[in-house]
Amino acid sequence: MRSSVTGGYGGVRVRRAVARDAKRLTRLVTRSRAYEGPYAPMVEGYKVGPDYIEAHAVHAAVDEDGRVLGFYALVLSPPELDLMFVADDAQGRGIGRLLVAHLREEARRAGLDSVRVVAHPPAEGFYRAVGAERTGTVTARPPAVMWDRPELALPVDTTS
């Protein structure tokens, strides 16, 4: 896979994640306040491994010091956003929107029209704010996922 960097803002840029990012990405997942309380079991012991990063389109938002502020993983076939996380202390700074814009560009390059998103329930509002439309509900699958999740379609081309 080729490496990509987009011009960010405030010194933040998006680049292709590499195997050595695995521990940092795993920490973003397992330390996310969005997965506290009843949601905690879903990320307990979760790992974003080097093999996963090498096999999928994983991109990270990094600041000028190289600190990973967030990341996403795009599965191309079938097209689906597999993971997206923003560091708790970086939320509200536009990092998620920057990642979604980058995801759309990657999906456009791959010839995709839309990307499926099965969202963490508290994140549905964010995805709808960036243009995703609710298409249904994915029912719980205990013991891995104990709650229903919104299913959305994120259009790739937002100019029409």
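The rules behind each value
Residues numbered from 1 in each chain as written. Predicted model: local features only at pLDDT ≥ 70, side-chain atom pairs only at ≥ 80, totals over all residues. Heavy atoms only, no water. Phe/Tyr/Trp six-rings, centres within 6.5 Å; stacked < 30°, edge-to-face > 60°. Buried < 20%, exposed > 50% of the residue type's maximum accessible area, 1.4 Å probe, protein only. Helix = DSSP H or I, 4+ residues; strand = E, 2+ residues; numbered from the N terminus. Contact = heavy atoms within 4.5 Å. Salt bridge = Lys/Arg side-chain N within 4 Å of Asp/Glu carboxyl O. Pairing = 2+ DSSP bridges. Polar contact = N/O pair within 3.5 Å; in protein donor to acceptor, adjacent residues only side chain to side chain. 1 Å grid on protein atoms, 1.4 Å probe; cavity = no way out; pocket = protein on both sides within 12 Å on 5 of 7 lines; lining within 4 Å. Points joined across faces, edges and corners; volume = space filled by probe spheres on them. Nonpolar A, V, L, I, M, F, W, Y, C, P; charged D, E, K, R; others polar.

Caption draft 1: Main features of the packing of aromatic side chains. As enumerated under the stated definition, the model contains five aromatic pairs in all. Between the aromatic rings of Y35 and Y39, the centroid separation amounts to 6.5 Å while the plane-to-plane angle is 75°, which identifies the pairing as edge-to-face. Summarising the burial analysis for this pair, Y35 and Y39 share the class buried. A ring pair is formed by Y39 and W147, whose centres lie 4.6 Å apart and whose planes are at 80°; its orientation type is edge-to-face. Residue Y39 is located in the loop between α1 (22–30) and α2 (40–43), and its partner W147 is located in the loop between β7 (133–138) and β8 (149–155); the two are separated by 108 residues in the primary sequence. The exposure class assigned to W147 is buried, which follows from its relative accessible area of 12%. Of the aromatic side chains, those joined through ring pairs into one cluster are Y35, Y39, F71, F85 and W147.

Caption draft 2: The environment of Y52, seen in detail. Along the chain, the position of Y52 falls in helix α3 (residues 50–55). Y52 sits 38 residues away from A90 along the chain, and the two C-alpha atoms are 24 Å apart. Residues in contact with Y52, not counting those within four places in the same chain, are V58, A73, D82 and L83.

Caption draft 3: View of the pattern of salt bridges. With the rule as written, the count across this model stands at eleven salt bridges. Each of the salt bridges in this network shares a partner with another, and the network as a whole consists of E105, E106, R108 and R109.

Caption draft 4: How the structure looks around the pairing of β8. Where burial is concerned, most of β8 is hidden: five out of the seven residues are buried. Pairing between strand β6 (residues 114–118) and β8: five bridges, direction antiparallel. Bridging from a neighbouring strand, V117 pairs with L152 of β8. As paired strands, β7 and β8 are joined by five bridges and run antiparallel to one another. Looking across to β8, one finds that R134 is bridged to L152.

Caption draft 5: Structural context of the side chain of R15. Mapping R15 onto the fold places it in strand β2 (residues 13–16). Of the polar contacts made by the side chain of R15, one reaches the side chain of D21; its length is 2.7 Å.

Caption draft 6: Examining unusual backbone geometry more closely. The omega torsion across S77 and P78 is -10°, close enough to zero to call that bond cis. On the secondary structure map, P78 appears in the loop between β4 (68–76) and β5 (79–86). A cis amide bond, omega 5°, links P142 with the succeeding residue P143. Structurally, P143 is set in the loop between β7 and β8.

Caption draft 7: Region of interest: the side chain of E124. Within the element layout of this structure, E124 appears in helix α5 (residues 124–129). Not counting chain neighbours up to four residues away, the residues in contact with E124 comprise A119, R134, P150 and L152.

Caption draft 8: Summary view of the layout of surface pockets. When its volume is computed, the largest pocket comes out at roughly 910 Å³. Forming the walls of the largest pocket are 35 residues, and the residues nearest its centre are Y35, M84, H120, A123 and Y127. Looking at the lining of the largest pocket, the elements with two or more residues in it are α2, β5, α4 (95–109), β6 and α5. By residue class, the composition of the lining of the largest pocket is 22 nonpolar, six polar and seven charged.

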